Amino acid sequence: MSAHDLVTYRYDGSWEGLLCCVFESYTAHELPEAILGPEAPETSLFGSKTIVTDVGNAARVEVSLPRKLGHEAAELVRLTFFTCLPEKELWMLRFLRLGYQYGPQLLQFAGNETVYRLQKAVQHLLSEAHLLKGFIRFSVQNNVLVTTIGPKNCVLPFLAGHFKARFPEEHWLIYDAAHHMALAYRPYETAILPLESFSAAPPDEEEARFRALWCQFYDTIEIRSRHNERCRMTLMPKRYWKYMTEFTRDFAVPDANPQLPAT
Amino acid sequence: MDIMEKLRILSDAAKYDAACTSSGVDKRAGRGGMGSAMAAGCCHSFAADGRCISLLKVLLTNVCIFDCAYCVNRCSHDTERAAFTPRELADLTMQFYRRNYIEGLFLSSGVAGSPDVTCERMIETLRILREEYRFTGYIHAKAIPGADQALIARLGMLADRMSVNIELPSAASLAKLAPDKTKRAILAPMGYIQRRIAESSHDLVRYRHAPHFAPAGQSTQMIIGASPEPDYQILQLSEGLYRRYGLKRVFFSAYVPVTANPLLPAVDTPPPLWREHRLYQADWLLRFYGFSAQELLDEAHPDFHPYVDPKCSWALRNAANFPLEVNRAAYEELLRVPGIGVKSAIRIVRARRAAALTWDALARIGVVLKRARYFLLCRGRRYPGLVSDRDAFLLAMMSPREQHLYRSQESGTRQLSLFDGNEPQLTALQREAIRCLPMIL
Ligand code: SF4
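Being a predicted model, the structure only gives us computed values, none of them experimental.

What counts and what doesn't
- Per chain, residues are indexed from 1 in the order of the written sequence.
- Labels follow written order: the first chain is A, the first ligand is 1, and so on.
- Where totals are concerned, whole chains, interfaces and linings use all residues; where local detail is concerned, this predicted model gives features only for residues with pLDDT of at least 70, and gives and counts side-chain atom pairs only at 80 or more.
- The side-chain values count all of the structure's non-hydrogen atoms but skip hydrogen atoms and water molecules.
- Every residue pair with non-hydrogen atoms within 4.5 Å of one another is taken to be in contact.
- Simply put, the buried area is the total loss of 1.4 Å probe accessible area from both parts when two parts are fitted together.
- Salt-bridge detection follows one rule: a side-chain nitrogen of Lys or Arg within 4 Å of a carboxyl oxygen of Asp or Glu.
- Any N or O atom pair separated by 3.5 Å or less is treated as a polar contact, with the protein-specific requirement of one donor-capable and one acceptor-capable atom, and with residues adjacent in sequence counted only for side-chain atom pairs.
- What counts as a helix is a DSSP run of H or I of at least four residues, what counts as a strand is a run of E of at least two, and both are numbered from the N terminus.
- Here the bounds of each domain stem from an automatic or database domain assignment.

Participant: I'd like a rundown of the interface of chain B and chain A, residues and numbers included.
Facilitator: Each partner contributes to the interface: chain B provides 53 residues, whereas chain A provides 51 residues. Both faces considered, chain B and chain A share a buried interface measuring about 4,600 Å² in area, 60% of it formed by carbon and sulfur atoms. The tally of links from chain B across to chain A stands at 4 salt bridges. Note that Arg226(A) and Glu276(B) form a salt bridge whose closest N and O atoms lie 2.8 Å from each other. Linking chain B with chain A are 24 residue pairs in polar contact (both at pLDDT 80 or more), by the criterion used here. Of all the secondary structure elements, the ones that give two or more residues to the side of chain B that touches chain A are α1 (3-12), β1 (45-46), β3 (55-59), α2 (86-98) and α8 (273-288) of chain B. Considering each element in turn, the side of chain B that touches chain A owes the most residues, 6 residues, to α1(B).

Participant: If you had to explain the side chain of Thr220(B) to someone new, which residues and values would you point to?
Facilitator: Residues and elements named next belong to chain B. Here Thr 220 is to be found in strand β7 (residues 218-224). Of the polar contacts made by the side chain of Thr 220, one reaches the backbone oxygen of Val 164; its length is 2.5 Å. Here Ile 166 takes part through its backbone nitrogen, which lies 3.0 Å from a polar atom of the side chain of Thr 220.

Participant: Would you mind going over the domain arrangement of chain A in detail, with residue names and values included?
Facilitator: Residues and elements named next belong to chain A. Entries for chain A in the domain assignment read domain 1 (3-126), domain 2 (136-201) and domain 3 (204-263). Contacts between the two partners involve 7 residues from domain 1 and, on the opposite side, 6 residues from domain 2. Summed over the three residues of domain 1 that lose the most area to domain 2, namely Phe 82, Cys 84 and Leu 125, the buried surface amounts to 71% of that side. Seen at the junction of domain 1 and domain 2, the total is 0 salt bridges.

Structure, rendered in structure tokens:
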């Protein structure tokens, strides 16, 4: 093995940047050992090669994707970018190399590990997004709907269309505390913004009342003689509970008129 | 009485209805509105009994002039009574919806005053939601048997899904346990709703903006275990309802004894959850796997097997159909193999176009072979190393839960009634498996 094979790429973490890594891998005839985002710590003994994002090169790769791989496979790589697959960049690069070599039929490769990894990861992403469409709990705060989620995958882009169709006239904000970004909406525009931190204000009286009503409903609707904890946990994994009203039971309304010291 | 109390009483009274799906229709809010729906449905939470919570499931009131023996709301039962005003319930629905607690409303009601009066109050609730609040989320409304057709028609124009509950699987049980309801009073609105749904989809083809009657279709529910009908009769009835009334779903609700009544199971009888589960499995086979009720059960085998699921039982009773050559079997035949679902069958058909499938390839495309290997051949070969060990075979046929149930509840003397009748041309393995089953179970 030559040192040449042990090259590591460092890119800016963007989709275009990753396409440039693909471009580099082809023009330099090399398969990097790792592709690191801007924040990843240095691991290679040999240092890493910084891949500069060149919009022109990225565009060349991008247009080639559906042509070479077909729409289904191109979509699969595009979506993988939003998943929490460990070393996703490397898997995506391997997938693309397979795709350039074999074309759309690569999706039929039974049991190919690369294809399987991408498919699994995207399935996980989409199913997490689907679950969150239901599990998100908004609080009404100054007439804005706000919520926090902590997903494993980067799901915000996959929630936008859904909540827009649901609440076209509202202002709302979904904060992804795991990826430090927010999906914000006001009629009729959506934006995804980086956001270091966010926490909702404590509930006002009306908000607290509806939270309590919801918990009342949640508790009453269970048929006790059918109690089944395992089933509930399988269908609604515990890691989602942290942000759900029926589990946080957070109804405390701060004193609206604190006593001011007499002057 | 405050809203909290009303919500407690009226959701408690509604919770025995099994239907809570928000499926069957795709839509989005127009400008100025609120509410969308996904055809696949959406669960917003899961209750501690593991059931999906999708809709705000409540009664408008639990006051009822009728006296159905199995129902907590019957007039002779001493219980707290409450009623929402239509405005209160509409407001609560909007506030819950806005916070994303729910996908919509499931509205049912006890019969207060008369069926017509009850129906009018339900209509008023939905009218406020749809017209004043411009709510476009999901609404499931129960038709009240005995209400005027014009009122059912109005309800259907406001709701996404309608249902009329059959409740008991025979006219005799109805007469005994629900003396105020007749089969006719239940089937008449069901038939009417079906005609309106059919007309409306016909009109929609011609005029795009024709008003839409219950676009997510119609469903019904049967209570399991309150009356003596066997699974066979229940499944036949379900099949008939799907065919005759074009129902989207038949729901089964394991009877939870609510009070002592000599006509009903004793109060400490656990709800027959396992039986409910088997009926749902069989219902699935009717709807998506091309089975008929007659194939799954008959007079000689009137009930599902406690340890082996309906598809497996069918396959064991029809052992002569197997083994099937994976590379030649029709899609419909593959669907009938235990362990092969719709997804696997599609994958097999897709993958075998490229090359004849081997056992390895089958596993690699994600077909679970635990059960299927006993029923298949790959390029004429049996699954390698498949031994005719009766314990292994039996365990393979059962899911972990079934194995657990079997070990915990049975003493080993019970006779298995799966294999009576003719068993022509069995392979050695099948004969062995079949012979040993009754000895073990
Ligand atoms: S009519 Fe409905 S609410 Fe009234 S007793 Fe019968 S089942 Fe219960």
